[in-house]
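Spelled out from the first residue to the last, the chains are:
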Amino acid sequence: MRDHLRRPAADDPTRAAYKEWLHVNVFDHASGAIGLVNVSVHGDPAAPASRGVGAALVHVPGLGWGGNASVVSAREVDGGLLSLATSAVAVAVDPSSRVAAVARLPRDGFEVSLEGVPAGAELGAASVMGFGSGHLSWSIYPRLRVDGHATVLGQELAFVGAGGYADHNWGRWWWGDDAGWDWACWHGSDGLLAVLSRMTDRAHTTVGHVLLTVEVAGRVVRFVGDQVLVEVSGTTMPSRRLPGALAALFADRAAERLPGRVEVHAANGFDALDLEFDVRDVAQLVMAEPTQPGFAFLHELVGSFRCVGRAAGCPIDAVGLGVVERAG
Amino acid sequence: MPADRGLLAFVGALVAGLDAGDPTAASRVRALAGTRTARIGLDDESVDVRFAADGSFHATSVGEGAAPCRGRTDRRTVHDLLDARLEIRDAVLSGRIEAVGPVPDVAAMFAVVEVLLAASVRLPALQSLADELLGVPPAPGAPTRADLAWYPDEITPAERALLADLDLLADETGPVG
């Protein structure tokens, strides 16, 4: 797959609404740790108020969340062909050969270094969707095999052959638009990968385009629209909220009620599966619009899942780790 | 405060940055503050702040007598809040943020802080002030307990159950953090 950053041209009249990020997840089935590393740019990259955010979080069972979000001027974000880096957090992608993610947050006693190589099939070309007042595009990279290490809350973790996921998002919108999404990535210890995306309104009361992509035994199966049913139940709340200034501003969102369990049922006439995901913990990231008043909340729900069914002629009975992201 | 800038100058720079960068938010701050005087403290410094009728900002060294409304914290608490290691709720419940005064005055003081925080997202001048503050390491201190209770111990289970039935508990599932 070919891909590159979509930084706005100097004469792009929509550059103030520009957003872009590179995102990596790691799922370490040996320890149960689940991590994310994300570097993003919000607003015209040359405008003084625009911001770059490097977020790195790892959740360790029994310990909780380690990591933080580093917020800097967008002008301090170093961008390459397909890489974004602040002084603390960096993600670089070569879609055909490897993905690297590094974060060093000494004030949090946190460090993570990941290197992933493709271990699965191509999952699809870039897609573009209407989103809020503008549009959102994404490229999704093949399932990764990740090696690396992390220091989280005083615990050293070594990742050897862990599961991984990476994607690239870009577009034009304002944080605070009446728009949101549900996205999820589930990685089975046997190599199963399932990626869900659906666009919603901010309150998650209406649902737009739904896509569930499943990779099993090297083959890719997609479920779309009403072939996918998503049900949520139970309640969890964030135990970690970032960045600090915005968490303080939105103290009323500290007890945000989020699902404790997510079930996905999919069938397309040939293939069918049922996936049950139990949420272990939640982190809340507050996104601020640097150009005009507006905020959005991204919730990262981590946990474990079981998936049974059949896809591409292969029976599925997998357990593993996953992340569900609710944005709005 | 940073070694080269006292609280008096820091607060002045904060208001000047808001005035220059977001006049609408600056007007909102003045409307919220009204003619109140508040005494704000950080570590061992305190200043009295107020807006005059013409909107001009006045920050002065602490004068004689008690101020009707006071807010105080320390630099370590500010660091912990900005670094996302401490929730506002826990800072207040643990006494690391102290706000004293008539309810409308304290509410106005917190509302002014909210406007400043919201505006700072779009104001590099205010972001620089935050970076300046974070650039000076605070004195070490004990971590704040994360199991602080919103309600005092003397609330009985029956009373708590009644509040829950009426959906009046501030946080039904316990502390966050």
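All residue numbers refer to positions counted from 1 along the written sequence of the respective chain. Each chain gets a letter, beginning with A, and each ligand a number, beginning with 1, in the order they are written. Side-chain atom pairs in this predicted model are given and counted only at pLDDT of 80 or more, local residue features only at pLDDT of at least 70, and totals for whole chains, interfaces and linings cover all residues. Hydrogens and waters are ignored; side-chain quantities use all the structure's heavy atoms.

The subject of this paragraph is the overall build of chain B. Helix and strand counts for chain B stand at seven helices and five strands. Here a strand is any run of E in DSSP of at least two residues, a helix any run of H or I of at least four, and the numbering for each starts at the N terminus. Secondary structure of chain B in N-to-C order comes out as α-α-β-β-β-β-α-α-β-α-α-α. Think of it in three bands: residues with accessible area under 20% of the maximum for their type are buried, residues over 50% are exposed, and the middle band is partly exposed, with areas taken using a 1.4 Å probe on protein chains only. A total of 177 residues make up chain B; the buried ones form 37% of that total. The criterion used for residue contact is that any of the two residues' heavy atoms lie within 4.5 Å. Of the contacts made within chain B by residues no fewer than 6 positions apart, 64% connect residues no fewer than 24 positions apart. Here chain B displays about 9400 Å² of accessible surface, and carbon together with sulfur accounts for 60% of that area. The Shrake-Rupley method, run with a 1.4 Å probe sphere, supplies the accessible areas, and residue values consider only the shown protein chains as cover.

All names here are of chain A. Here the amide bond leading from Leu 242 into Pro 243 is cis, since omega sits at -20°, within 30 degrees of zero. With respect to the helices, strands and loops of the structure, Pro 243 is situated in the loop between β19 (240-242) and α1 (244-249). Backbone geometry places Ala 217, a non-glycine residue, at a positive phi of 50°. In this structure, Ala 217 sits in the loop between β16 (207-216) and β17 (219-224). Backbone geometry places Ala 312, a non-glycine residue, at a positive phi of 55°. Note on placement: Ala 312 falls in the loop between β22 (295-311) and β23 (314-327).

Moving on, we get to helix α3 (residues 75-82) of chain B. An α-helical turn contains 3.6 residues, so any two residues separated by three or four positions project in the same direction. Counting buried positions along α3 of chain B gives seven out of eight residues, so the element sits mostly inside the fold. Turning to α3 of chain B, its buried residues number three or more, namely Arg 75, Arg 76, Thr 77, Val 78, His 79, Asp 80 and Leu 81 of chain B. For α3 of chain B, the secondary structure elements touched by its buried residues are α1 of chain A together with β1 (37-42), β4 (69-73), α4 (88-93) and α6 (124-134) of chain B. Backbone geometry just after α3 of chain B places Ala 84 of chain B at a positive phi near 65°.

What follows deals with the interface of chain B and chain A. Between chain B and chain A, the residue contacts involve 19 residues of the former and 29 residues of the latter. Note: buried area is the sum, over both parts, of the accessible area (probe 1.4 Å) each one loses when the two are combined. Summing both partners gives a buried area of about 1900 Å² for chain B against chain A, and 57% of it is carried by carbon and sulfur. One speaks of a salt bridge when a side-chain nitrogen belonging to Lys or Arg is within 4 Å of a carboxyl oxygen belonging to Asp or Glu. At the junction of chain B with chain A, the criterion picks out three salt bridges. In protein, a polar contact means a hydrogen-donor-capable atom and an acceptor-capable atom, both N or O and within 3.5 Å, with residues adjacent in sequence counting only if both atoms are side-chain atoms; elsewhere, any N or O pair within 3.5 Å suffices. Scanning the region where chain B abuts chain A turns up five residue pairs in polar contact (both at pLDDT 80 or more). Elements with a minimum of two residues in the side of chain B that touches chain A: α3, α5 (103-120) and α6 of chain B.

It is worth spelling out the pattern of salt bridges at this point. Counted under the stated rule, the structure contains 29 salt bridges over all chains. Its salt-bridge partner being Asp 12 of chain A, residue Arg 172 of chain A comes within 2.7 Å of it at the nearest N-O pair. Placement of Arg 172 of chain A in strand β13 (residues 155-172) and of Asp 12 of chain A in the segment before β1 (18-27) is noted, with a sequence separation of 160 residues between them. In this structure, Arg 5 of chain B engages Glu 132 of chain B in a salt bridge whose closest nitrogen and oxygen atoms are separated by 2.7 Å. Of this pair, Arg 5 of chain B sits in the segment before α1 (7-21) while Glu 132 of chain B sits in helix α6, and the two are 127 residues apart along the sequence. One connected set of salt bridges, linked through shared partners, spans Arg 107, Asp 108 and Arg 240 of chain A together with Arg 76, Asp 80, Asp 83, Arg 85 and Arg 96 of chain B.

Residues and elements named next belong to chain A. By size, the foremost hydrophobic cluster in this structure holds 37 residues, and its most contacted members are Leu 114 and Phe 159. Going through the elements one at a time, β1, β2 (34-42), β3 (51-60), β7 (89-94), β8 (98-105), β9 (110-118), β12 (144-152) and β13 are the ones with two or more residues in this core. Excluding residues within four positions of it along the chain, Leu 114 makes contact with Val 24, Val 26, Val 37, Val 99, Ala 100, Ala 101, Val 146, Asp 147, Gly 148 and Phe 159. To define a nonpolar core, start from buried Ala, Val, Leu, Ile, Met, Phe, Trp, Tyr and Cys residues and group those joined through side-chain atoms within 4.5 Å. Among the nonpolar cores identified, the runner-up in size contains 36 residues, and Trp 21, Trp 175, Cys 185 and Leu 285 belong to it.

The subject of this paragraph is empty space enclosed by the protein. Residue and element names in this part refer to chain A. Using only the protein atoms, space was sampled on a 1 Å grid; points where a 1.4 Å probe fits but cannot get out form cavities, open sets with protein on both sides within 12 Å along at least five of seven lines form pockets, and lining residues are those with an atom within 4 Å of a point. Grid points are joined across faces, edges and corners, and a volume is the space filled by probe spheres set on the points. Applying the stated criterion to the full structure yields four cavities of 30 Å³ or more. Each pocket or cavity is described by its volume, and for the largest cavity that value is around 320 Å³. Lining the largest cavity we find 24 residues, and of these Trp 21, Asn 169, Trp 181, Leu 298 and Glu 325 sit closest to its centre. Among the elements that take part in the lining of the largest cavity, β2 stands out by supplying four residues, more than any other. Polar here means any residue other than Ala, Val, Leu, Ile, Met, Phe, Trp, Tyr, Cys and Pro, which are nonpolar, and Asp, Glu, Lys and Arg, which are charged; Gly is therefore polar. Looking at the lining of the largest cavity, its residues break down into 13 nonpolar, six polar and five charged. In this model, the second largest cavity occupies a volume close to 70 Å³. Every residue lining the second largest cavity is listed: Asp 182, Trp 183, Ala 184, Leu 196, Arg 198, Val 230, Val 232, Pro 259, Val 262, Val 324 and Arg 326. Elements with a minimum of two residues in the lining of the second largest cavity: β14 (180-188), β15 (193-200), β18 (228-233) and β23.

A separate point is the pairing of strand β2 (residues 45-51) of chain B. Residue and element names in this part refer to chain B. Strand pairing requires that DSSP identify at least two bridges connecting the strands. Pairing analysis gives six bridges linking β1 to β2, with the strands arranged antiparallel. Of the residues in β2, the one forming a bridge with Arg 39 is Asp 48. Taken together, β1 and the strand that follows it, β2, pair antiparallel across an intervening segment of two residues, in which Asp 43 is found at a positive phi of about 55°. In this sheet, strand β3 (residues 57-61) lies alongside β2 in antiparallel orientation, the contact comprising five bridges. Bridged to Asp 48 within β3 is Thr 60. The turn joining β2 and β3, which pair antiparallel and follow one another in sequence, is formed by five residues; a positive phi near 90° is taken by Gly 55.

Patch building starts from residues that exceed 30% relative accessible area and form no salt bridge, then joins like charges within 9 Å and nonpolar side chains (Val, Leu, Ile, Met, Phe, Trp, Tyr) within 5 Å. Taken together, the side chains of Leu 162, Leu 166 and Leu 168 of chain B define a hydrophobic patch exposed on the protein surface, amounting to about 310 Å² of accessible area. Topologically, Leu 162 of chain B is positioned in helix α7 (residues 157-165).

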